[in-house]
Amino acid sequence: MKIAIDASPAFLHLRTGIEEYSYQLIKHLRPFLKEHEVTLYIRGGTRENIDFVLPATWRVKELRSPKFWTYGRLSFEFLFHKYDRFFVPGHIVPPIRPKDTIMVVHGLEYEVSPESFSAAERRSMRFGIQRSCSWARHIICVSNNTKRDLMRYYDIPRKKIRVIYEGVNAPMVVEQSVASAVWQKFDVQLGHYLLFVGRVEHRKNIISILKAYEILREHFRLSYKLVIAGKSGHGWEEIEQVIASHTYRQDIVVTGFVSAQEKWVLLRGASVFVFPTLYEGFGLPVLEAQMVGVPVVTSYTSSLGEITQDGEVDSAVTVDPASPMQIAEGLQLLLSDQKLRTQMIAAGHTNTKRYSWKKAARLSAKVILAGRKSRSR
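Each value, and the rule that gives it
- The written sequence of each chain sets the order in which its residues are numbered from 1.
- For a predicted model such as this one, the threshold for reporting local features is a pLDDT of at least 70, and the threshold for listing and counting side-chain atom pairs is 80 or more; totals across whole chains, interfaces and linings nevertheless cover every residue.
- The side-chain quantities take in all heavy atoms of the structure and omit both hydrogens and water.
- Helix and strand definitions follow DSSP, with helices as H or I runs of at least four residues and strands as E runs of at least two, each counted in order from the N terminus.
- For a helix, the expected span equals 1.5 Å multiplied by the number of residues minus one.
- Note on classification: 1.4 Å probe, protein chains only; a residue is buried when its accessible area is under 20% of the maximum for its type, exposed when over 50%, partly exposed between these limits.
- Residue contacts follow a heavy-atom distance rule, with two residues in contact if any of their heavy atoms lie within 4.5 Å.
- Put simply, a salt bridge is a Lys or Arg side-chain nitrogen that is within 4 Å of an Asp or Glu carboxyl oxygen.
- Each axis is a line fitted through C-alpha atoms, and for a helix only the stretch in contact is used; angles between axes span 0 to 180 degrees, taken between their N-to-C directions.
- Angle categories are assigned with fixed cut-offs, so that under 35 degrees is roughly parallel, over 145 is roughly antiparallel, 65 to 115 is roughly perpendicular, and the rest are oblique.
- Definitions for this section: a left-handed crossing has its near helix turned counterclockwise from the far helix by less than a right angle. A right-handed crossing has that turn clockwise.
- Charged means Asp, Glu, Lys or Arg here, nonpolar means Ala, Val, Leu, Ile, Met, Phe, Trp, Tyr, Cys or Pro, and polar covers whatever is left, Gly included.
- To qualify as a nonpolar core, a set must consist of buried Ala, Val, Leu, Ile, Met, Phe, Trp, Tyr and Cys residues joined through side-chain atoms within 4.5 Å.
- Grouping into patches uses exposed residues only, defined as over 30% relative accessible area, and leaves out salt-bridged ones; the cut-off is 9 Å for like charges and 5 Å for nonpolar side chains (Val, Leu, Ile, Met, Phe, Trp, Tyr).
- Methods summary: accessible areas were calculated by the Shrake-Rupley approach with a probe of 1.4 Å, and residue burial reflects only the protein chains presented.
- Each pair of strands is called paired provided DSSP finds at least two bridges between the two strands.

Novice: I keep staring at helix 14 (residues 357–370) and nothing clicks. Help me out?
Specialist: The periodicity of an α-helix, 3.6 residues per turn, causes residues three or four places apart in sequence to face the same way. When the terminal C-alpha atoms of helix 14 are compared, their 20 Å separation across 14 residues agrees well with the 20 Å that a helix rising 1.5 Å per residue should span. When helix 14 is considered as a whole, its buried residues turn out to be W357, A360, A361, L363, S364, A365, V367 and I368. Where helix 14 is buried, its residues touch strand 1 (2–6), helix 1 (17–29), strand 4 (85–88), strand 5 (101–105), strand 6 (138–141) and strand 7 (161–163).

Novice: Can you help me understand the pattern of salt bridges in this one?
Specialist: Pairing between side chains of opposite charge can happen when their charged atoms approach one another. Going through the model one piece at a time under the given rule, you end up with 14 salt bridges. We note a salt bridge from R137 to D100, for which the minimum N-O separation is 3.3 Å. In this pair, R137 sits in the loop between helix 4 (119–135) and strand 6 while D100 sits in the loop between strand 4 and strand 5, placing the two residues 37 residues apart along the sequence. Look at R137 and you get partly exposed, because its relative accessible area is 31%. When the shortest N-O distance is used, the salt bridge between D187 and K225 registers 3.1 Å.

Novice: Before we go on, may I ask you to explain the packing of helix 7 (residues 206–218) against helix 12 (residues 324–336) in this structure?
Specialist: The angle between the axes and the distance between the axes are what describe a pair of packed helices. Interaxial distance between helix 7 and helix 12 falls to 8 Å at its minimum, and their mutual angle equals 55°. Classified by the interaxial angle, the pair formed by helix 7 and helix 12 is oblique. Judged by the sense of rotation from one axis to the other, the crossing of helix 7 with helix 12 is right-handed. On helix 12, the residues touching S208, K211, A212, I215 and L216 of helix 7 are P324, M325, I327, A328, L331, Q332 and L335. Residues of the contact of helix 7 with helix 12, tallied by class, amount to nine nonpolar, two polar and one charged.

Novice: Hey, could you run me through the nonpolar core in this one?
Specialist: L29, F87, L194, L195, I228 and F273 are the most contacted members of the largest nonpolar core, which totals 96 residues. Ranked by residues supplied to this core, first place goes to helix 7 with eight residues. Ignoring any residue separated from it by four or fewer positions in sequence, one finds F273 in contact with L195, F196, V197, L267, P285, V286, A289, V294, P295, V296 and V297. By size, the runner-up hydrophobic cluster in this structure holds 25 residues, among which are L74, F78, V105 and C133.

Novice: What is the right way to look at a nonpolar patch on the surface in this model?
Specialist: Together, F76, L79, F80 and I96 make up an exposed nonpolar region whose accessible area comes to about 400 Å². Examined against the element boundaries, F76 turns out to sit in helix 2 (residues 69–80). With a relative accessible area of 45%, F76 lands in the partly exposed category.

Novice: Even after reading the chapter, I still don't get the sheet that holds strand 12 (residues 296–299), so can you show me in this structure?
Specialist: Within a sheet, each strand pairs with its neighbour through backbone hydrogen bonds, oriented either parallel or antiparallel. Reading across the sheet, the six strands line up as 10-9-8-11-12-15 and stay open at both edges, with parallel pairing between neighbours. The open sheet has two edge strands, strand 10 (252–256) and strand 15 (317–319), and neither has a second partner. Recorded for the sheet is a direction-independent mean angle of 20° between the axes of neighbouring strands. Looking at chain direction, strand 11 (residues 272–275) and strand 12 are connected through three bridges and run parallel. Bridging across to strand 12, F273 finds its partner in V296. Contacting strand 8 (193–197), strand 9 (225–229), strand 10 and strand 11, helix 7 runs over the sheet at an angle of about 170° to strand 9.

Novice: What exactly am I supposed to notice about the packing of helix 10 (residues 284–291) against helix 13 (residues 338–352) here?
Specialist: Their axes nearest at 8 Å, the elements helix 10 and helix 13 cross at an angle of 120°. In the crossing of helix 10 with helix 13, the sense of the turn from one axis to the other is left-handed. Only G348, H349, N351 and T352 of helix 13 make contact with helix 10, whose side of the interface consists of L287, Q290 and M291. A breakdown of the residues in the contact of helix 10 with helix 13 according to their chemical character gives two nonpolar, five polar and no charged.

Novice: Help me understand the environment of S134, please; the structure alone is not making it clear to me.
Specialist: Residue placement: S134 occurs in helix 4. Overall, S134 belongs to the partly exposed group, its relative accessible area being 47%. Residues S134 and K67, spaced 67 residues apart in sequence, show a C-alpha to C-alpha distance of 24 Å.

Novice: Sorry if this is basic, but what is going on with helix 7 here?
Specialist: Helix length check: helix 7, at 13 residues, gives a terminal C-alpha distance of 19 Å against a target of 18 Å (1.5 Å per residue), a fit within 8%. Listing the buried residues of helix 7 in full gives I206, I207, S208, I209, L210, A212, Y213, I215, L216 and R217. Where helix 7 is buried, its residues touch strand 8, strand 9, helix 8 (236–244), strand 10, strand 11 and helix 12.

Given below as structure tokens:
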């Protein structure tokens, strides 16, 4: 079988979110598609970022196009090269494509939290994703929450959708001397700070975190630093002003973009990981924190309640993201109640075992190879 994969997000120089998902899934698809002719389409100049060995039947094709890479250059490619299957681990499908196209939808943040995006961003994403969903033969969603959103907002038939959870990476091993240098760089001490990791934007509910932090300091008298790690996004100017005028500004550390190594060091050293965001398609940072034994305060909304609850067992303290008081109370519980803290850490370790890239790749390969005959669960 001849299979094309849009691997353009997977090998960019800096990977976050969808880029990391694409990289990990393609990497783990290798044993399941090694008997097939697979072509990885990547952007020009990114071949050097492929850091794993490809099966003998796989090849890489670079397409150079500074603009309109998907709608223009990739579409043009399919005018002359025919494939049995086309897999898009991102969420934009080119208008010219193989009939058996399978895409992944990671979330509809712009529909659920429109205030976190500009009007132009909403129009662009709605145009791209809604049409891509209609063009694709099958759709993989990374959570049941995303599946429900697709059915609710775009009236996508249930039978067209398959839910396959993401995996979670093994923690990066970092030498103690390197870890100490990272903590020193950001002026924090092991076990004496709260941590948020993600894009610093309105959708991530940063202002509510800042309000909850003030409540934690003034009402509960708990003196921990707050570390906000990640590059800035929509609404950063307002967030920056709130930080600048915050009562405890001297104890708020804004790191900007952090490397993978720095991220894992900061996660390991945190007292609590705080992630009460307004909407997540999946919520990988929560699982990464649980992997290294850090208890989590997160939202019970969108996919976050889904990925942290296994049956009747909660592996995180879940709160209303619209309530800074609830966020502060959740933090206070995990900082003051040692029994609860221990329970959450143990439950978190157990919870992460439900998610693996090998499983995600195996199930995704079944959908890709089944093509038209694939059935949704």
